[in-house]
Amino acid sequence: MILLCFVAYRLVYIDLHLSLSPGSYRESYVSDEVWYVTSARNILVKLFGVNVLNTWLGDGLRCTLILSGRPNETLVNELCSTDSCRILDSGYTGVEYTYATVTWDGGSTAMIPVPLGSGLNAVYVELYDGLEPVAEKAGSMGYNITGYICGWALPDKNGLNDYMNLEHPPLGKYIIGLSLLLGDNPFTWRLPSIISTTLLFLLGYAVTLYILRGITSEPLARLIALATPLLMLTDNSYFTVGALAMLDSFLALFTLLGLYMLVEHGYASLGSRVARVLVFSLAGCVKASGLFAVPGDFIEGLLDKRGALTRVRNGFSQLLLYFTIYPLILLVLSHPFINAMGWSAWFKTSVEGSIKWHTGVKTTSDTIASSPLDWLLGSNSFYMWLDASTGEWVRCSGQPIIYLTALVAGLVFSPWIIKRDELRRVWLLYLSILSGYVILYLIGNKSLYSFYIIHFAPVSTVLLVSITVYMFKTAYSWWRKRRDEG
């Protein structure tokens, strides 16, 4: 409990440090929060009709007003002169255009605007008498308010007021959206990640304890199992990714919960298998990479200590459960999108488009990409944020020595591990997830980032601690036997 309190305190401290760092409202998003918080807010506003999101700052309703043109100083001054509006941030860069000549099929030509800039035509305001007086004032000056998003200021990126993050399933955005209902501000939108990351430490201990109970005595198992959360404290992925409103901490939580169910129940009953499929499917509804656990679960069915026919039936029936349950959950969670977009547009964007997005290069910008080998060696770590107090970048480097040592130990000791159900299941899941990222990289997705490591980091730590204890116990038993015989 003391350890969990420390983890939560450290995450909250990081959160507050980031929230209080100097910068404008639109610059308060850290790393990929730009995409996930914004899409969660857009989903609330555009799909669920939430017209009021309280930032718990000021007396009025705070909104990002999207304008028909780039706001100038005159507009800002005029809006500030009214009693119904206060300008909070007018530093949006706006969208700059060039013009291109297009020849249509009929031979006629036309000049069309082509956006050059990457910003929004917007101002961030606090409204005291609703939107109408401000819209009238802007309209009298030749500006139309083409849209508005209530809550915290939108980041300054073109088109972000309509962005839904359709390349990923919706569950993670729903979780962040629930936190926005409590209050749309940086501290609140990071709370789900902080809670999820704290629970990773608890689950890591619980899984390790269950495994060690079958290897050593109960008091010793309780003590040694603490090595897992203590080693996790050395992994900075929990204190970088886990402190931000990103999807990966939710992905890691569902994955580790699924591991616990796999380790404890295996293929003992249909009910436990269905429950495990549900949990891993929820991971896949946060990010599609949550389904990287499926091959490991399938292979465990083939290796379970039963007759050959039963093992084959178990393995392939488990696959059938995944092919049935995951699409059903995804469709239920995606119903608001399907209802708003139509089936065809949703499928093309969220299924076909998502597959292309995941299997290809996502960006050619200066963002630091890395391969799974880099994660094991600690190379090319992703920059998460700039520490205002030191002026240095904070990287998500994880704890490569744990990941690499767990992999090597699993390979070296696999003849012993495969005979031990609980160890084999952890080993299979670790291999399954890591192999998923390797395959993704090999088929063309070179835009992988080091913050993905939080997905498998807890699994690798559980594996390393469990293998170490088991092999020491095995070696000690062998030594005692030799001593007694000699």
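Look above for the structure.
Rules used throughout
- Residues numbered from 1 in each chain as written.
- Predicted model: local features only at pLDDT ≥ 70, side-chain atom pairs only at ≥ 80, totals over all residues.
- Heavy atoms only, no water.
- Salt bridge = Lys/Arg side-chain N within 4 Å of Asp/Glu carboxyl O.
- Helix = DSSP H or I, 4+ residues; strand = E, 2+ residues; numbered from the N terminus.
- Buried < 20%, exposed > 50% of the residue type's maximum accessible area, 1.4 Å probe, protein only.
- Axes fitted to C-alpha atoms, helices over the stretch in contact; angles between N-to-C directions.
- Parallel < 35°, antiparallel > 145°, perpendicular 65-115°, else oblique.
- Left-handed = near helix turned anticlockwise from the far one by under 90°.
- Contact = heavy atoms within 4.5 Å.
- Nonpolar A, V, L, I, M, F, W, Y, C, P; charged D, E, K, R; others polar.
- Polar contact = N/O pair within 3.5 Å; in protein donor to acceptor, adjacent residues only side chain to side chain.
- 1 Å grid on protein atoms, 1.4 Å probe; cavity = no way out; pocket = protein on both sides within 12 Å on 5 of 7 lines; lining within 4 Å.
- Points joined across faces, edges and corners; volume = space filled by probe spheres on them.
- Expected span 1.5 Å × (residues − 1).
- Pairing = 2+ DSSP bridges.

A. Here's a closer look at the pattern of salt bridges. Within this structure, the stated rule accounts for 15 salt bridges. Between D89 and R26 there is a salt bridge, with its nearest N and O atoms 3.0 Å apart. With a gap of 63 residues between them, D89 in strand β2 (residues 85–89) and R26 in the loop between α1 (2–19) and α2 (33–46) connect regions that are remote in the sequence. Exposure class is identical for D89 and R26. Each is buried. Where R424 meets E300, a salt bridge forms, and the shortest distance between an N and an O atom there is 2.9 Å. On the criterion of sequence distance, the pair formed by R424 in helix α17 (residues 421–442) and E300 in helix α11 (residues 294–303) is long-range, its members being 124 residues apart. Among the residues examined, R424 registers a relative accessible area of 2% and is labelled buried. For E300, a relative accessible area of 0% gives the class buried.

B. Main features of the packing of helix α9 (residues 248–265) against helix α10 (residues 270–284). Contact geometry of α9 with α10 gives a least axis separation of 8 Å together with a crossing angle of 165°. Classified by the angle their axes make, α9 and α10 are roughly antiparallel. As α9 runs across α10, the sense of the crossing is left-handed. Touching L251, F254, T255, L257, G258, L259, M261, L262 and H265 of α9 are S272, A275, R276, V279, F280, L282 and A283, all from α10. Counted by class, the contact of α9 with α10 contains 11 nonpolar, four polar and one charged residues.

C. The arrangement of the side chain of T188 in detail. The topology assignment puts T188 in helix α6 (residues 186–213). Within the structure, the side chain of T188 is placed 2.9 Å from the side chain of N185, a separation counted as a polar contact. Setting aside its immediate chain neighbours within four residues, T188 contacts S179, L182 and G183.

D. Up close: empty space enclosed by the protein. Within the structure shown, the criterion is met by two cavities of 30 Å³ or more. One number sums up the size of the largest cavity: a volume of about 110 Å³. Contributing to the lining of the largest cavity are 13 residues, with K287, S289, H358, Y437 and Y452 lying nearest its centre. Across the lining of the largest cavity, the residue classes tally to six nonpolar, four polar and three charged. The space that makes up the second largest cavity amounts to roughly 30 Å³.

E. Broad picture of helix α5 (residues 171–182). Between its first and last C-alpha, α5 extends 18 Å over 12 residues, near the 16 Å set by a 1.5 Å rise per residue. Those residues of α5 that sit buried are L171, G172, K173, Y174, I176, G177, S179 and L180. Close packing links the buried residues of α5 with α2, α6, α9, α10 and α12 (308–341).

F. Expanded view of the sheet that holds strand β1 (residues 61–67). The antiparallel open sheet is built from four strands, whose spatial order is β2-β5-β1-β6. In the strand order of this sheet, the two ends are held by β2 and β6 (145–150), each with one partner. Across the sheet, the axes of successive neighbouring strands diverge by a mean angle of 35°, strand direction being ignored. Here β1 pairs with strand β5 (residues 122–127) via six bridges, running antiparallel. Paired with L65 across the strands is V123, a residue of β5. Strand contacts of helix α3 (residues 73–80): β1, β2 and β5, with the helix running at about 135° to β2, the strand carrying the most contacts. Across the sheet, helix α4 (residues 132–140) is in contact with β1, β2, β5 and β6; its angle to β6 comes to roughly 145°.

Purely geometric stuff here, so don't read any function into it on its own.
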